[in-house]
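# Descriptive analysis of the structure
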Amino acid sequence: MLPPNPSEAALPFSDRSKFLFPVLFWVCFAAAFVGSWQLAQVQPGLLFEAEGRRNMAKFVTGMFPPELSPDFLRFLVVPLFETIQISVMGTVLAIAIGFPLGLLGTASLAYTGILNDLEIAGSRARRFARTLPYVLARSVLSVFRCIPEFVWAFMFVRAVGLGPFTGVLAIGVSYGGMLGKVYSEILENLETQPSEALQATGASRWKILVYGMLPQALPQLVSYTLYRWECAVRASAILGFIGAGGLGQQIELSMRMFNFHEVVTLVLILFLLVAAVDFLSARARKAVG
Amino acid sequence: MWSEGAAEPVYRLEGLTKVFNGTLTAVNGVDLQINRAEKVAVIGPSGAGKTTLFRLLNLTVRLTSGRLWIAGRDVSDLRGARLREVRRKIGSVYQQHNLVPRLRVVHNVLAGRLGAWSLPQAVRSLVRPRGEDVRAAYHALSQVGIPEKLWARTDELSGGQQQRVAIARVLLQNPEVILADEPVSSVDPTLAHGIVRLLVDLCSAFHKTLVMNLHSVDLALAFFPRVIGFRDGQVVFDRSPAEISDDLLTDLYAGRITGVSVEESPDAAAEPVRSCTPILRS
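Residue numbers run consecutively from 1 along every chain, following the written order of its sequence. Written order determines the labels here, with chains lettered from A and ligands numbered from 1. pLDDT decides what is reported in this predicted model: residues at 70 or higher carry local features, side-chain atom pairs at 80 or more are listed and counted, and totals for whole chains, interfaces and linings draw on all residues regardless.

### Concerning the overall build of chain A
- In terms of regular secondary structure, chain A is built from 13 helices and 0 strands.
- The numbering of helices and of strands both runs from the N terminus, where a helix is a DSSP run of H or I of at least 4 residues and a strand a run of E of at least 2. When the helices and strands of chain A are listed from N to C terminus, the series reads α-α-α-α-α-α-α-α-α-α-α-α-α.
- Whereas a compact globule of 289 residues would reach a radius of gyration of roughly 19 Å, chain A reaches 27 Å, over 25% beyond that.
- Reported as C-alpha extents along the three principal axes, the dimensions of chain A are approximately 80 × 60 × 40 Å.
- Around each residue's C-beta, the other C-beta atoms within 10 Å are counted; 20 or more make the residue buried, 12 or fewer make it exposed, and counts in between make it partly exposed. All C-beta atoms are placed from the backbone. Taking all 289 residues of chain A together, 33% fall into the buried category. For the radius of gyration, the atom set is restricted to C-alpha positions; the globular benchmark scales as 2.2 Å times the number of residues to the power 0.38.

### Points about the overall build of chain B
- Looking only at helices and strands, chain B has 10 helices and 10 strands in total.
- Across the 282 residues of chain B, 44% fall into the buried class.
- Within chain B, contacts between residues at least 6 apart in sequence are counted, and of these 70% link residues at least 24 apart. Residue pairs qualify as contacts under a 7 Å threshold applied to their C-beta atoms, which are placed from the backbone.

### Observations concerning the nonpolar core
Residue and element names in this part refer to chain B.
- Core analysis: the largest hydrophobic core is formed by 128 residues, its most contacted members being Val-42 and Val-109.
- Residue ranges assigned to the domains are those given by an automatic or database domain assignment. If you count residues domain by domain, this core takes at least three from each of domain 1 (1–89 + 176–282) and domain 2 (99–174).
- Beyond its immediate sequence surroundings of up to four residues, Val-109 is in contact with Ala-137, Ala-140, Leu-141, Val-165, Ala-168, Arg-169 and Leu-172. The term nonpolar core means buried Ala, Val, Leu, Ile, Met, Phe, Trp, Tyr and Cys residues held together as one set by C-beta atoms within 7 Å.

### Examining the interface of chain B and chain A
- Of the residues lining the interface, 29 residues belong to chain B; the matching set on chain A comes to 23 residues.
- Within the residue set of the side of chain B that touches chain A, elements represented by two or more residues are helix H2 (80–88), strand E6 (90–93) and helix H4 (119–127) of chain B.
- Ranked by the residues each element gives to the side of chain B that touches chain A, the list is headed by H2(B), at 5 residues.

### Digging into the sheet that holds strand E5 (residues 73–74) of chain B
Residues and elements named next belong to chain B.
- Here the rule is simple: two strands pair whenever DSSP picks up at least two bridges between them. With antiparallel pairing, the 4 strands of this open sheet are ordered in space as E2-E1-E4-E5. The open sheet has two edge strands with one neighbour each: strand E2 (24–34) and E5.
- Pairing of strand E1 (residues 11–20) with E2 involves 7 bridges; the strand directions are antiparallel. Residue Leu-13 lies in a different strand from E2, and its bridge partner there is Leu-32.

### Comments concerning the pairing of E1(B)
All names here are of chain B.
- Between E1 and E2, which pair antiparallel in sequence order, lie 3 residues; one of them, Asn-21, sits at a positive phi of approximately 55°.
- Pairing analysis gives 5 bridges linking E1 to strand E4 (residues 65–70), with the strands arranged antiparallel. Within the sheet, the bridge partner assigned to Tyr-11 lies in E4 and is Ile-70.

### Notes on the domain arrangement of chain B
Residues and elements named next belong to chain B.
- Per the domain assignment, the segments making up chain B are domain 1 (1–89 + 176–282) and domain 2 (99–174).
- In this assembly, 11 residues from domain 1 lie in contact with 8 residues from domain 2.
- Those elements giving two or more residues to the side of domain 1 that touches domain 2 turn out to be H2 and helix H7 (189–206).
- No other element matches the 4 residues that H7 contributes to the side of domain 1 that touches domain 2.
- Taken together, the residues of the side of domain 1 that touches domain 2 sort by class into 7 nonpolar, 1 polar and 3 charged. Following the grouping adopted for this structure description, the nonpolar residues are Ala, Val, Leu, Ile, Met, Phe, Trp, Tyr, Cys and Pro, the charged ones are Asp, Glu, Lys and Arg, and the polar ones are all others, Gly among them.

### Side note on helix H11 (residues 205–239) of chain A
- In this model, H11(A) (35 residues) spans only 40 Å end to end at C-alpha, well below the 51 Å of a helix rising 1.5 Å per residue.
- Axes are fitted to the seven residues ending at a residue and to the seven starting at it; the angle between these axes is taken as the bend at that residue. In the structure, H11(A) departs most strongly from a straight axis at A:Leu218, where the bend amounts to approximately 55° and where the proline A:Pro219 lies between one and four residues downstream. Working rule for helices: expected span equals 1.5 Å times residues minus one.

### Details of the packing of helix H9 (residues 164–188) of chain A against H11(A)
Residues and elements named next belong to chain A.
- Orientation of H9 relative to H11, taken along the N-to-C sense of each, is 155°, at an axis distance of 10 Å. As judged from the angle between their axes, H9 and H11 are roughly antiparallel. Where H9 crosses over H11, the handedness of that crossing is right-handed. Two secondary-structure elements touch here, H9 through Gly-167, Ala-170, Ile-171, Tyr-175, Met-178, Leu-179, Val-182, Tyr-183, Ile-186 and Leu-187 and H11 through Met-213, Ala-217, Gln-220, Leu-221, Tyr-224, Thr-225, Arg-228, Ala-232, Ala-235, Ser-236 and Leu-239.
- Split into classes, the residues belonging to the contact of H9 with H11 amount to 16 nonpolar, 4 polar and 1 charged. Between N-to-C directions, angles span 0 to 180 degrees; the directions come from axes that are lines fitted to C-alpha atoms, helices contributing only their stretch in contact. Put simply, angles under 35 degrees are roughly parallel, angles over 145 are roughly antiparallel, angles from 65 to 115 are roughly perpendicular, and the rest are oblique. Should the near helix be turned counterclockwise from the far one by less than a right angle, the crossing is left-handed, whereas a clockwise turn marks it as right-handed.

### Details of the sheet that holds strand E8 (residues 209–214) of chain B
Residues and elements named next belong to chain B.
- Within the open sheet, the 6 strands sit side by side as E6-E7-E8-E3-E9-E10. Their pairing is mixed. Strands with a single pairing partner mark the edges of an open sheet, and in this sheet they are E6 and strand E10 (234–239). Going across the sheet, the axis of each strand differs from the next one's by a mean of 20°, ignoring polarity.
- This element, helix H6 (residues 159–173), spans E6 and strand E7 (177–181) of the sheet and lies at about 175° to E6.

### A few points about the packing of helix H8 (residues 149–160) of chain A against H9(A)
Residues and elements named next belong to chain A.
- At a minimum axis separation of 8 Å, H8 and H9 run at an interaxial angle of 135°. On the basis of the axis angle, H8 is oblique to H9. Of the two elements, H8 crosses H9, and the hand of that crossing is right-handed. Side by side, H8 and H9 meet where Glu-149, Trp-152, Ala-153, Phe-156, Val-157 and Val-160 of the first sit next to Phe-165, Thr-166, Gly-167, Leu-169, Ala-170, Ile-171, Val-173 and Ser-174 of the second.

### Considerations on the environment of A:Ile242
Residue and element names in this part refer to chain A.
- Among the secondary structure elements, Ile-242 is positioned in the loop between H11 and helix H12 (246–256).
- When the C-alpha positions of Ile-242 and Gly-202 are compared, they lie 54 Å apart, and in sequence the two are 40 residues distant.
- Once residues lying within four places of it in the same chain are set aside, the contact partners of Ile-242 are Ala-153, Phe-154 and Val-157.

### Looking at unusual backbone geometry
Residue and element names in this part refer to chain B.
- One non-glycine residue, Leu-59, lies in the positive phi region at around 60°.
- By secondary structure assignment, the location of Leu-59 is in the loop between helix H1 (50–57) and E4.
- Owing to 23 C-beta atoms within 10 Å, Leu-59 belongs among the buried residues under this scheme.
- For Asn-174, which is not glycine, the phi torsion reads 55° and is therefore positive.
- Here Asn-174 shows up in the loop between H6 and E7.
- Assessed through the 16 C-beta atoms surrounding it within 10 Å, Asn-174 is described here as partly exposed.

### Digging into the confidence of the model for chain B
Residue and element names in this part refer to chain B.
- pLDDT is defined as a per-residue confidence score from the predictor, taking values between 0 and 100. Put simply, chain B has an average pLDDT of 87, and 88% of its residues get 70 or more.
- Averaged pLDDT values over the elements of chain B bottom out at 41 in helix H10 (residues 266–270) and peak at 97 in helix H3 (residues 105–110).
- Considering only residues more than four positions removed or in separate chains, one finds that residues 256–282, a stretch of pLDDT under 50, has 36 contacts.

### What to know about the environment of B:Ala152
- As for its placement among the helices and strands, B:Ala152 is situated in the loop between helix H5 (131–143) and H6.
- Dropping the residues within four chain positions of it, B:Ala152 is found in contact with B:Arg104, B:Val105 and B:Leu157.

### Notes on the environment of A:Phe81
- Mapping A:Phe81 onto the fold places it in helix H4 (residues 70–104).
- Taking C-alpha positions, A:Phe81 is 14 Å from A:Gly163, a pair spaced 82 residues apart along the chain.

This is how it looks when you write it as structure tokens:
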């Protein structure tokens, strides 16, 4: 018997289903878009009504000229350093939380793969003892990072009062959750061959971690931590709005006083700060790579 | 355990079996005995289970059934510190050399001591290796012919040089047995010859046992007094090179010995691997 003509053979998708999927997709997309438009009360017209136009004009004209008097700038030195220090201390706290929890939450160290095959095979109790800390660490990390730093800040304001320390705690906890998760994923995705060879010399898991895994992962770990520090600089400015000090608090005050020319100066300083941090971390990444 | 039982075989395997995921049988009921200071080559087609056998012998993967004695000790159920103590006595050389690419050569060579070091010692050595360790690493690198690479970054070396670093690591580990899994598959034939000879000579000089998986039949026949043919997770033959005929090799790679018919690539079967590196036979 001759084989059927390949061009007539049944293909995984017939022409009809090829047509159906895109149509369904676009219908769903349109429905979601219209629904969101209404629910989010999108009214572009408001921006162009007389009232809106007047307020915008007031805001924009009020921005010029920016406030650059020496007194004002001198006054900003302290909030500027406060913002930097909140971001640095927040990131340090995040590392202190994220690194140990991230190690506990690394599956290839805890219970899977070549490093654990002989240790836990054939015993449910040993497997459970290895899995439990992993699950706990992963859960804690996910609670830490799923609550936004803003919400953490509101909680810590109750505990330690207004001030920079609230910002440090909020950034430390929520970023600790993010760092821990990403650290564990970086470690899990490393090549396993060097670890296998180190294990074959009779090394324990912790020695393999220190001697093989961390040196391999170092550029990625440093790079992601620096990226988080950049985010922390921006976050510490935002947290100032709810009383955590720093540049954000000044922006909020100036806004409330309708001193838009001060706001411009503050935003410019924030922009320069973030750009400087960006530059610094790029240099640091290059040095480690 | 190693000094007292000199009469004991280094390896004794009884019905050693490894099944992956409950379905894939990689090593299937192997009975084998390997004595102290013996040099054994294991040859066979890809997918024969040689690498799994290697990983069973260096205690990386757990056996599914059967028993395994190392120097007279049943190691089937070892774990923790006692498992690591046995692993320290077995040096491994891999196909992909398995070095830590971002570390300097000196650290990769000293990794042979990792099993013997404490964790703080390991950290301190990474920060700044001790003078006597550096001298030992230099000595090991001299034995494999690349002492000048001591402070080079490992990922900047060529494939052959990295394999030499891996051998220097085993020298520092100073094990009783050296296992090598296709150590020359990723280097060119002339280098391959040199690296196999290096391992064989080192084992002769220090009275170590050597078990090497090899892709090249020529190298196995040229350097090893005992050659094991391995196929479908089983030992097909186990004899000296003089007793190994071309027909036996053709059968090993074609699969006629175990009665498995060859469905794919009859060309490969007609031409045994022996002919790939004819120069080395002279």
